[in-house]
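Given next are the chains, with one letter for each unit.
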Amino acid sequence: MSQRTVYLETFGCQMNELDSELVAGQLRALGYRFTPTPEAADVVLFNTCSVRERAEQKVWSRLGELQLRKKVDPGLVVGVLGCMAERDGVDLVRRMPVVDVLVGPGELDKLPGLLDNAVRTRESLISDDEAVASGKAAAKSARQVALQGNTSRRSATLAAAQDSLELLDLSRSVSPIDADDRAGKRSAYVRITRGCNKFCTYCVVPFTRGAEIHRPPEHIVDECKKLADAGVIEITLLGQTVNHYRFEHGAAVSVDGIVQPQKGRAFAGGHRRDPLAGRNVTTFADLLRRIHDEVPSVKRLRFVTSYPRDFGDDVLEVIRAHPRICRYLHVPAQTGSDRMLQLMNRGYSVGEYLEFLDRCRHYLDQPEIGRPLMLSGDFIVGFPTETDEDFDATIDLLRKARYKNSFIFKYSPRPGTIAFDKLADDVPEATKRRRNNLLLAEQTKISDDISKAQIGREFEVLVEGLSRREEKRRKRQIATAPGLVSLTVGGRDAADEAPGDACGSDDHDCGCSTKVHVLSESDAAVQLSARTDSDLIVFVDAPVDRDPQSFVGTLQRVRINTATNLSLHGEMI
Ligand code: 5AD
Ligand code: SF4
């Protein structure tokens, strides 16, 4: 097979981003090349999200565009991966015959084989001149499908059967970080649990990602070590309900010498310590401690998303005692009304949620040592039957919780969920929009107050790259200076290079192909974007006598001088 070019676009959560990274690694190892432009690709893959209707609509419209393209390019192979594939199944291919490959999130390890089959099938379709001429080749799908269907919850035993998805995680290809291309690559995601057992009534995730499964701790620690050896200094552990993590070694099952992930047990709820701690079990607290201690070159250990119940003091104690575990928790409340919480099947009351936040702050909020605890939340407005009083209770919770930021969503009914079947979507769209805006405005005030409270404080930050403002400025410069082939970044180059050095001409529009942009005075300070361990974003200027890129991926101490428009501005100290 000649080398195929793939375009892969990811929608949705961090779990999908990680899945895409693993899939891309696998395809690369098989000789596929990746391109950032769909037009240049022979294979177009969408890794999809079904959590809200809007995310799905984007994919439908992309598929519609590809349908047109396939008429003139019948060799094109199109794949839908992830939650939409799982949810819609073969109906998706019926509606959009442009789709050749469907792979659910539980079957991603099967993608290479299916893709290969689809490529061959399309090749045979387009070898038939008549079919191409009549448009039949374009209209036919080379249908290849791998979905879990309803098997994901079939086994009631603790150990899952051989879990081929674990092989995908284990096969992660980690290459050393290139010194010239470090932006973003110093951070990595590591999956610890998959799926979800909660069945919140609005949510598709338990249906698309299946039951909660926990990976063996040895696999997780080894993956962290591999990433650290390659230069990663920040790891974010992923799970839909990350704090449910628990691995019972006594019940471990091996298949072909590989310890298998385990299905999660039900949590009784409201515990302060994992009741199985110490009984040949790795609890979430144990796992955090192990990664912290066994992989010391990881300077920042984060985790998302936490379920606000089942979060013990044992975990809070470990976070407090281990300096490289970040003081940031993403703990979605969804609503501030007890009635709504019940209808959503969240399993806690507003009082219990606030008591949990108090506990978190008691253990982890230490601004006096530069380590304030920051929280972020998720809210759904306009859930069925939500009244103005329910919404007022949500505003009230937002004020009490004081999140640094919140993700606010209008309720989107999802077929297959309990709410979709049992509750009419009876809050008008205009009311949803109004509540969304009101909640956002309230959050903005709180975020602004929190930002201002940081002025004068000092933090250690991880420099993530050039700020967006800086990136935009550079793009503008490139756009307004045709013919530039490279940018010089950093004051050192500006001082070193007189205008025209590269081509020997003073005329910047001389037409040479090796022209180097020389920084003007207004370019002198290059703005970097960095993050505190509590996930606050800080903009900081690189010193003018240093190459700004050399700061990317490093930890720096900064003092916060100003806070405007929800962002912090600091200086290196
Ligand atoms: N409608 C709107 N928002 C939803 N979320 C999950 N399901 C829905 C839905 N049907 C939100 C929740 C969750 C986040 C990932 O997406 O707030 O925490
Ligand atoms: Fe969905 Fe609830 Fe599970 Fe989160 S905890 S993934 S909202 S079912």
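Quick caveat, the model's predicted, so the values are computed rather than measured.

(A) Molecular detail of the site of ligand 2. Neighbouring ligand 2 are the residues Cys196, Lys198, Phe199, Cys200, Tyr202, Cys203, Val205, Pro206, Gln240, Thr241, Tyr307 and Arg346. Among the residues making up the shell around ligand 2, the classes are represented as eight nonpolar, two polar and two charged.

(B) Representation of the environment of Pro296 within the structure. Following the sequence through the fold, Pro296 ends up in the loop between α11 (284-294) and β16 (300-304). For the pair formed by Pro296 and Ala228, sequence separation is 68 residues and the distance between their alpha carbons is 8.7 Å.

(C) How the structure looks around the pairing of strand β25 (residues 555-564). Relative to β25, strand β20 (residues 458-466) runs antiparallel, the two sharing five bridges. Across the sheet, Phe459 pairs through a bridge with Val558, a residue of β25. Looking at chain direction, β25 and strand β26 (residues 567-572) are connected through six bridges and run antiparallel. Paired with Val558 across the strands is Met572, a residue of β26.

(D) Structural context of unusual backbone geometry. For the peptide bond that leads from Val304 to Thr305, omega is -5°, which places it in the cis range. Structurally, the position occupied by Thr305 is in the loop between β16 and α12 (313-321). Despite not being glycine, Phe199 shows a phi value in the positive range, around 55°. Looking at where Phe199 falls in the secondary structure, it is placed in the loop between β8 (193-194) and α9 (205-208). With phi around 75°, Asp535 is a residue other than glycine that occupies positive phi space. Relative to the elements of secondary structure, Asp535 occurs in the loop between β23 (527-532) and β24 (537-541). Taking relative accessible area as the criterion, Asp535 reaches 12% and is therefore assigned buried.

(E) How the structure looks around the nonpolar core. Leu45, Ile235, Leu237, Leu288, Ile291, Phe303 and Leu329 are the most contacted members of the largest nonpolar core, which totals 103 residues. Broken down by element, this core gets its largest block of residues, eight residues, from helix α14 (residues 350-364). Not counting residues up to four positions away in its chain, the partners in contact with Leu45 are Val6, Tyr7, Leu8, Glu9, Leu27, Gly79, Leu81, Leu111 and Leu115. Counting 22 residues, the second-largest nonpolar core is a separate cluster that includes Phe11, Ala55, Trp60 and Ala85.

(F) Broad picture of helix α2 (residues 53-72). In a regular helix each residue adds 1.5 Å, so 20 residues correspond to 28 Å; α2 covers 30 Å between its end C-alpha atoms and thus fits that length. Listed as buried for α2 are Ala55, Glu56, Val59, Trp60, Leu63, Leu66, Arg69 and Lys70. Summarising the contacts, the buried residues of α2 are in contact with β3 (43-48), β4 (77-82), α3 (83-88), α4 (90-95), α5 (111-126) and α7 (136-139).

Criteria and thresholds
- Residues numbered from 1 in each chain as written.
- Chains lettered and ligands numbered in written order.
- Predicted model: local features only at pLDDT ≥ 70, side-chain atom pairs only at ≥ 80, totals over all residues.
- Heavy atoms only, no water.
- Near = heavy atom within 4 Å.
- Nonpolar A, V, L, I, M, F, W, Y, C, P; charged D, E, K, R; others polar.
- Helix = DSSP H or I, 4+ residues; strand = E, 2+ residues; numbered from the N terminus.
- Pairing = 2+ DSSP bridges.
- Buried < 20%, exposed > 50% of the residue type's maximum accessible area, 1.4 Å probe, protein only.
- Core = buried A, V, L, I, M, F, W, Y, C linked by side-chain atoms within 4.5 Å.
- Contact = heavy atoms within 4.5 Å.
- Expected span 1.5 Å × (residues − 1).

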